[in-house]
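Working through the structure, step by step
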Amino acid sequence: MRIYKGVVILLVVLFNGGSLFAQTDMFIKADRAFEREEYNVACFLYEKLYPRAKKINKLEKARVCFNLGESYRLSGNIRKSESWYKKSVSGKYFDPISILRLANAQAFNKKFEDAEVNYRLYLSKVPYDEIGIRDYANCKRAQEWIKSPTQWSIRNMAEINSKYSEFSGAYVEKKFKTIIFTSSRKEATGSEDDGRTGEQYTDLFISKRGRKGKWSKPAVVEGSINTEYGEGATSFNKKYNAVFYTSCKTEKKRAVGCEIYWAKKKGKGFGDPMLIPISSDTFICAHPSMAKDNATLYFTSDMPGGFGGNDIYVTTYNKRGKQWTKAKNLGPSINTSGNEVFPFIKSDGVLYFSSDTHDGMGGLDIFKSTKEGDAWGKPENLQYPVNSTADDFSILFKPGREEGLFSSNRIEGRGRDDIYEFLWQIYTIKLEGYAYDKETKEALPGGFVTLTTADGQVLTDTIDSTGFYSFELEQNRAYDMEATLDKFLNDGAEIGTYDVRGDTTFTQNMYLQNTVKPIILPNILYDVAKWDLRAESKKSLDILLTTLNGNPNITIELGSHTDNRGDSKYNKSLAAKRAKACVDYLIENNIEKERLTPKGYGEDNPRELEEDLGSFKAGDIMGKKFIRGLDSDDLEEEAHQLNRRTSFKVLETDFVSKRVVLDEDDYQYDADSSEDDDEDW
């Protein structure tokens, strides 16, 4: 009884008034089957006609191929429709719609590159077609979302799915160990096949999960709710003692309307069904979903006055008057010019439904919307992997949980439609690491690591005796990290969890600089006898800027050293100018001058190496005597270069800024404090 999107494609009358081939009985039968929506029969007949059509003329061949593609699509077999649409396009079928249908089938089958080629071809012929533009956008969007899946975890319920259609699963009791679902498998009660699909008319089946988690073989639901017609798409009330479902009557293998019934539980099955009188039986009223108040019913209908093919409506049972209120359309924020079907109203009042027109991935996508006052908010797509390039529909949540069932005809399934379980996956995200002395690489116990989020949440962990720390992080957050320890400069980092897909452990080690010894800044370079900062020197000072901003309570001495060549007095003067140039740069970049002391050491304090460096060993002192004793001019020059350095050392660790930091409210204009008229602004 599933409602497939699409409309019946009218028969194409050949431009020459018909051909000899068009007069054959088989051709007439095929076209009549297509017109009656008996697409399974039409597929069989057209495939038999195809070899003959090739011998008649190209127009007939392309037409038969197109009708075959349409017959497979409208019977629910989109996978197989692609090859026939392709033949109709290569046969130059007169209507560009064949190109769009081919592109859609290729997108359904995840042949995205081929699909994009044909979307562009179609839009070159019909450039302003809204449907073509939308479907092309869906193809692009599908590729993006598949690359970045959401946290929904899905599983095909292969133990109950078959090669036939299974969809619209619903839990029968509070422990969620029994489900009822719709199926066209051969055990269905009807004696005739559905001319549209070639399968049995759908019935309601039941399956129970045993102790080991295995689902039992599905059986037809007992009672009188299953008939020779198509039944399905169920919903239960809060107490699980009444079922609401759809029944679609047929005439001559063709659906003529669907109505919603309800029935009470009775023994292992259900009692006699009772009609919910909503509209004429010539229209579709289907896919019921009962709200937790046991009185408000959401459903799908194509009754007059809607926005498109199928819309979502709501009706409420008046207990005093013992009647249902007039159906109310949910309005244009939910319903479109296309099809909105399979509503589900969650226990928290959020509405879920499927649409083929809101921005999606192609086919029917599942959306959710929250009521804002008297109106429904903008629908939000659940994205991949709940949604796909296929039809995804009939979602149902376990009350109070982020898990449940939905249905899809995606290409990975077992049958035309399959039932899937879904679960919002909560990832375990950890952050761990060690704190080290930046120079000695030894572990630093006893300090703290603090995480701060944009909304002001603060997390702190003490660094243990081995230097280790750890945190548990939340999804979709950004954290600023800071490690602190007495007599050491703070170290910082940033961690984001926005792209996490699964259990993840971040490792971030922190390296803290000891403040007792001077810290040499790399690459503070000057031209000979110059003190102007070169570009590479500014890059090194930017690192110092970060350190100062991350440690706002320290003051430093910034010292400049020269080698021992030249006049000692001149060297000290040059070094002082170089140190001042560094300080000026820091002040220009918003560091308070009270925190900075320039010092020109000149050739005093030759460098003592704390580790092996270049040609020299730890402990070597680059004094005059040491340098004169070196074996070559190159070694002497290397030693002089080591002496030419800029370093800083921490002077105080308790600096308090005197700057006034204005709160955001200090910038607000108080209208009541001004006598000016508004026109003066």
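In this report, the structure presented in the accompanying data block is examined. (Residues numbered from 1 in each chain as written. Predicted model: local features only at pLDDT ≥ 70, side-chain atom pairs only at ≥ 80, totals over all residues. Heavy atoms only, no water.)

1. A look at the pairing of strand β17 (residues 351–355)
Counting buried residues along β17, five of its five residues qualify, which places the element largely inside the surrounding structure. Taking every second residue as pointing to the same face, both faces of β17 are buried, with Leu351, Phe353 and Ser355 on one and Tyr352 and Ser354 on the other. Pairing of strand β16 (residues 340–345) with β17, which is carried by four bridges, proceeds in the antiparallel orientation. Bridge pairing links Glu340 to Ser355 in β17. What sits between β16 and β17 in their antiparallel hairpin is a turn of five residues, with Gly349 showing a positive phi close to 90°. The pairing of β17 with strand β18 (residues 365–369) spans five bridges and is antiparallel. Counted as the bridge partner of Ser355 is Asp365 from β18. (Buried < 20%, exposed > 50% of the residue type's maximum accessible area, 1.4 Å probe, protein only. Helix = DSSP H or I, 4+ residues; strand = E, 2+ residues; numbered from the N terminus. Pairing = 2+ DSSP bridges.)

2. What about the sheet that holds β16?
Taken together, four strands build an open sheet; the order of strands is β16-β17-β18-β21 and the sheet is antiparallel. The strands lining the two open edges of the sheet, one partner per strand, are β16 and β21 (380–381).

3. A look at the packing of helix α6 (residues 112–125) against helix α7 (residues 130–147)
What describes two packed helices is the angle between their axes and the distance between those same axes. The contact between α6 and α7 brings their axes to 9 Å, and the two run at 160°. As judged from the angle between their axes, α6 and α7 are roughly antiparallel. Once α6 is placed against α7, the crossing between them reads as left-handed. Every residue of α7 that contacts α6 at Phe112, Ala115, Glu116, Tyr119, Arg120, Tyr122 and Leu123 is listed here: Gly132, Ile133, Asp135, Tyr136, Cys139, Lys140, Ala142, Gln143 and Ile146. (Axes fitted to C-alpha atoms, helices over the stretch in contact; angles between N-to-C directions. Parallel < 35°, antiparallel > 145°, perpendicular 65-115°, else oblique. Left-handed = near helix turned anticlockwise from the far one by under 90°. Contact = heavy atoms within 4.5 Å.)

4. Brief notes about the pattern of salt bridges
Inspection of every chain in the model, using the stated rule, returns 29 salt bridges. Between Arg155 and Glu421 there is a salt bridge whose closest N-O contact spans 2.8 Å. Of this pair, Arg155 sits in strand β1 (residues 152–156) while Glu421 is found in strand β24 (residues 418–424), placing the two residues 266 residues apart along the sequence. Looking at Arg155, the relative accessible area reads 37%, which means it is partly exposed. Notably, a salt bridge pairs Arg644 with Glu637, separated by 3.4 Å at the nearest N-O pair. Take Glu637: its relative accessible area is 35%, and that puts it in the partly exposed class. (Salt bridge = Lys/Arg side-chain N within 4 Å of Asp/Glu carboxyl O.)

5. Overview of helix α1 (residues 25–35)
Among all positions of α1, only Phe27, Ala30, Asp31, Ala33 and Phe34 are buried. All buried residues of α1 fall inside an arc of 160° around its axis, so they share one side. Of the exposed residues in α1, those oriented more than 90 degrees away from the buried face are Asp25 and Lys29. (Arc of directions from axis to C-beta.)

Everything listed here is a matter of coordinates, which is why it stays silent on function.
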